[in-house]
Amino acid sequence: MPLPYSEIVMEHFRNPRNVGRIENPDGKAVEGSPACGDMVAVYLAVDPDSQRITDVKFESYGCASNIATGSIITELAKGKTLEEAKSITWKQASEALGGLPPIKTHCSVLAVDGLRAAIQNYRERHGLVKERVPTTVEVVRKRLKHVMNPMTGLDLVRTKIVRDIEVSGGKVRVAIDLPADHQFAANIREEILEKIEHLWDVDEVVIEFTE
Amino acid sequence: MFGEFVYLDNAAATRLDERVLGAMTPYFLETYAVATSQFGYSPGIEAKDALEEARSTIARALSAKPEEFIFTSGSTESSNMALKGVAMALGARSGDRRPSGKGKHIIISKIEDFPVLYSARALEKQGFRVTYLDVDEYGRVNLDQLRQAITPETILVSIQTANQEIGTLQDVAAIGAICREQGVLFHTDATHSFPRVLLDVREVPVDLVTVTAHLIHGPKGIGGLYVRKGTPLVKWMDGGFQEFNLRAGEENIPGAIGFATAVKLVTPEETARLQDMRDRLIERLLQIPHSRLNGHPTLRLPHNANVSFRFVEGESILLHLDMRGFAVSTGSACFSRSLEASHVILGIGGNHERAHGSVRFTFGRFNKPEDVDAVADAISEVIAALREISPLGKE
């Protein structure tokens, strides 16, 4: 039977490894959204002494390449230190899968981003962010690029609904160009909080809906 | 292996009926001459006679006169010809208003299939103004909105008979009546409904109708356009004087014979059989939790079922079904070549998630009653398995 994907991709799609959730994970992240067509959640259990990933699980809403990349990325990450796992690239994941169609890059990059974001989430939660880059408007904007606007499937920044960002004294204020009672307002609020509240120098996040 | 395959994508292509192939074969191997005038050589006259008989058969299915039916290479060409042909004939250049007082405004619905949609967009780039009519939650055009959208500048309204994805039927008789009353031409894309859903051009005031052979077990590469007598249309392809001098190029005679044979083989009994399978499948699919029907519950194509499943994505469903031996289609962005979610599901007010989780099942002559339960069982398992691994719908 002719198939659009490599045998390895199909194998991981049929029998994805490390599927599910970890109760009380040490780190977790969600990338993408139902609106953009692909979404991946990554959960980590980390040994605090060795900084090794003792367990990793993922969930996927998406196409075959998203599911297969989620599967392979968890296999590649398990047992590695956070530092090692963080440097796993999309190219490595793609090679381990025997190649992915170029048109599916977006869906598979998402899984790699998910792993990195989960590691970052662990580090932020555990006060391990060494660089201590101060949170600026630009940092916040960059993070909002990872929050989807469910109406379009593109991120908040690209769809120009971020009206204003203010950062001062540990307080971040984000103004979104949507009515507060919009059907996606709660969803967007939650995703923004998840991306920003764990930053080391952020004490308070205020999200305003204005329209 | 393909023999065991259950094919449920008959709105994309259909298996050729062997009787159609049998009727076509002599026109490849024996009567292969081009259609000549009555003063030509005998094989050419024979070919011409066969072509005209095929034309009459198809025209009859629309209650049209044979000279009102033009063969094309398929429905894409037909709709391009209808929109651009009328636009070129009636669309006044700026500052050059014709005596007819007609201008450069066209009205279509926002859920038209790509040939109409993109012909309209192409005309927009050439200075035409296009109104994209909203549709309701079922995909039906609002007749009052249509009436209000028509202006003295309007030259053409193009609204499909049935939707390609969700199967919703429009009230073409009422739409045609409004257009006639306002003196505006009306084109309808009947690609997915002809000839299963009756369209009688004596009853329905329609000026142009797009039809095709490949969705009724006829060959690919042949379609047609009904052109009511007197409809202004600029010649579509230049060259010879074929097709009443509206479309140059040697006629596809085997294709025309195949098309006519396919039309004759469609019966009301068969259509009722497809509708029965459709209804049973919809009933089964709606038993799956978090599912909803897309399109109208009753005013829909007899062979189309379209259901959205929450928390799962269409391409994954499609691949899993393929591995189990079923072919279906989806409105998910991941599946489309353009990576855009279905404009039809978005057009009926659905969000991207509903489009990504939409699955279309379309029946044809070669489906058996047992296919319904087989595919319903398979998709229930597939949806459950994909929901297992989905981060959505768990709280």
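Residues numbered from 1 in each chain as written. Chains lettered and ligands numbered in written order. Predicted model: local features only at pLDDT ≥ 70, side-chain atom pairs only at ≥ 80, totals over all residues.

Glancing now at the overall build of chain A. When helices and strands are counted, chain A shows 7 helices and 8 strands. Taken against the 2.2 N^0.38 rule, which gives 17 Å for 211 residues, the C-alpha radius of gyration of chain A at 18 Å falls within 12% of a compact globule. Seen through its principal axes, chain A has C-alpha atoms that stretch 55 × 40 × 25 Å. Looking at chain A residue by residue over its 211 residues, the buried ones come to 42%. Counted over contacts in chain A with a minimum sequence separation of 6, partners at least 24 positions apart contribute 65%. (Helix = DSSP H or I, 4+ residues; strand = E, 2+ residues; numbered from the N terminus. Rg over C-alpha atoms; globule rule 2.2 N^0.38 Å. Buried ≥ 20, exposed ≤ 12 C-beta atoms within 10 Å, placed from the backbone. Contact = placed C-beta atoms within 7 Å.)

This paragraph deals with the domain arrangement of chain A. By a widespread convention, an interface's size corresponds to the accessible area lost as its parts come together. All names here are of chain A. Splitting chain A by domain gives domain 1 (7-125) and domain 2 (137-209). Inter-centroid distance (C-alpha atoms) of domain 1 to domain 2 is 24 Å. Counting from both sides, the interface comprises 11 residues of domain 1 and, opposite them, 9 residues of domain 2. At the level of secondary structure, the elements contributing two or more residues to the side of domain 1 that touches domain 2 comprise β1 (27-33) and α5 (105-125). Considering each element in turn, the side of domain 1 that touches domain 2 owes the most residues, 4 residues, to β1. Residues of the side of domain 1 that touches domain 2, tallied by class, amount to 4 nonpolar, 4 polar and 3 charged. (Domains from an automatic or database assignment. Nonpolar A, V, L, I, M, F, W, Y, C, P; charged D, E, K, R; others polar.)

We now examine the pairing of strand β6 (residues 162-168) of chain A. All names here are of chain A. In the sheet, β6 pairs with strand β7 (residues 171-176) via 6 bridges, with the strands oriented antiparallel. Opposite Val-167, over in β7, you have Val-172 as the bridge partner. In this structure, the hairpin formed by β6 and β7 is closed by a connection of 2 residues, where Gly-169 is found at a positive phi of approximately 50°. (Pairing = 2+ DSSP bridges.)

Turning our attention to the sheet that holds strand β7 (residues 208-212) of chain B. All names here are of chain B. Spatially, β2-β8-β7-β6-β5-β3-β4 is the arrangement adopted by the 7 strands of the open sheet, whose pairing is mixed. In this open sheet, the two edge strands, each paired with only one partner strand, are β2 (69-72) and β4 (129-133). If you compare each strand with its neighbour and ignore which way they point, the axes differ by 20° on average. Bridging between β7 and strand β8 (residues 223-227) involves 5 bridges; their strand directions are antiparallel. Residue pairing across strands places Leu-208 opposite Val-227, the latter belonging to β8. Contacting β3 (105-109), β4, β5 (154-158) and β6 (185-189), helix α5 (residues 114-125) runs over the sheet at an angle of about 155° to β3. (Axes fitted to C-alpha atoms, helices over the stretch in contact; angles between N-to-C directions.)

Let us now look at the interface of chain A and chain B. Counting residues at the interface gives 21 residues for chain A and 20 residues for chain B. When contributions to the side of chain A that touches chain B are tallied by element, the ones reaching two or more residues are β2 (38-47), β3 (52-61) and α2 (64-77) of chain A. Looking at the side of chain A that touches chain B element by element, the count peaks at 3 residues for β3(A). The class makeup of the residues in the side of chain A that touches chain B is 16 nonpolar, 4 polar and 1 charged.

Let's shift gears to the sheet that holds β6(A). Residue and element names in this part refer to chain A. Across the sheet, 3 strands lie side by side as β6-β7-β8; this open sheet has mixed pairing. Of all the strands in the sheet, the pair left with one neighbour each is β6 and β8 (204-209). If you compare each strand with its neighbour and ignore which way they point, the axes differ by 10° on average. Its contacts with the sheet place helix α7 (residues 185-196) against β7 and β8, and it is angled at close to 155° to β8.

Turning next to the domain arrangement of chain B. Residues and elements named next belong to chain B. By the assigned domains, chain B splits into domain 1 (18-265) and domain 2 (268-389). Placing a centre on the C-alpha atoms of domain 1 and another on those of domain 2 gives a separation of 29 Å. Taken residue by residue, the interface counts 19 residues in domain 1 and 20 residues in domain 2. Here the residues of the side of domain 1 that touches domain 2 are counted per class, giving 7 nonpolar, 7 polar and 5 charged.

What follows deals with the pairing of β2(A). Residues and elements named next belong to chain A. Buried residues dominate β2, accounting for 8 of its 10 residues. Pairing geometry for β1 and β2, over 7 bridges, is antiparallel. The residue of β2 that forms the bridge with Glu-31 is Val-40. Connecting β1 to the next strand, β2, in antiparallel fashion are 4 residues, including Gly-37 with a positive phi near 95°.

A few words on helix α1 (residues 7-14) of chain A. Among all positions in α1(A), only A:Val9, A:His12 and A:Phe13 are buried. Seen along its axis, α1(A) keeps its buried residues to an arc of 105°; they face one direction. Looking at the buried side of α1(A), the elements it contacts are α2 of chain A together with α11 (314-323) of chain B. (Arc of directions from axis to C-beta.)

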